[in-house]
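What follows is each chain in one-letter form.
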Amino acid sequence: QVQLVESGGGLIQAGGSLRLSCAASGIIFSMYAIGWYRQAPGKQRELVAAISTGGTTNYADFVKGRFTISRDNAKNTVYLQMNSLKPEDTAVYYCHADLFLSDGTRYTYWGQGTQVTVSS
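Model, not experiment: these values are computed from the prediction.

Here is what the cut-offs are and how they apply
Residues numbered from 1 in each chain as written. Predicted model: local features only at pLDDT ≥ 70, side-chain atom pairs only at ≥ 80, totals over all residues. Heavy atoms only, no water. Phe/Tyr/Trp six-rings, centres within 6.5 Å; stacked < 30°, edge-to-face > 60°. Helix = DSSP H or I, 4+ residues; strand = E, 2+ residues; numbered from the N terminus. Salt bridge = Lys/Arg side-chain N within 4 Å of Asp/Glu carboxyl O. Buried < 20%, exposed > 50% of the residue type's maximum accessible area, 1.4 Å probe, protein only.

Caption draft 1: Fine view of the packing of aromatic side chains. Counting across every chain of the model gives three aromatic pairs. Relative to Trp110, the ring of Tyr37 has its centre 4.9 Å away and its plane inclined at 65°; by these criteria the two rings are edge-to-face. Here Trp110 lies in strand E10 (residues 106-110) and Tyr37 lies in strand E4 (residues 33-39), a separation of 73 residues in the sequence. Taking the centre distance of 6.4 Å and the plane angle of 85° together, the rings of Tyr94 and Trp110 count as edge-to-face.

Shown next, in the form of C-alpha cells:
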C-alpha cells in the first residue's frame, strides 16, 4: 500500500518559517520525482516546487528564493523549507510522487495534504 504522509504544517505569522515533510512508503522512493503542490480555497492546485530523482529542482516563480525542496532517499522523505512566509502562501500543501517508465506506464500518488496558514 502506497502512502505519502505530509507533516509540518500549521499556523505561522508572516515572515516566519516552516518545514514540511513528506514521508513515503510502499514505493521505491528513489525512482520517483517528487513535487509539492498547494491549493488555496477557491483556487486550482498549483505546483510549488519539484525535485527529480537526480536532485534537480525547480520552483514556481512565486516561491523562488524563499522555499527550498530537498530529498533524503535513505529516509524516503522529501522536505520543503519555507522561509519568509506570506499570507498568500496560505493553502493546503500536497506531496506528489511521479514515475514514468520507458513503456509509457505512469505511477502517480498524492498525499492527504497539510494545512499552512500564514497570518498577517
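Caption draft 2: Highlighting the pattern of salt bridges. One pass over the full model with this rule turns up five salt bridges. For Asp61, the salt bridge is made with Lys64, and the minimal N-O distance between the two is 3.2 Å. For the pair Asp61 and Lys64, a shared accessibility class is recorded, and that class is exposed. Three or more residues are tied together by salt bridges with common partners; here these are Arg38, Glu46, Arg66 and Asp89.

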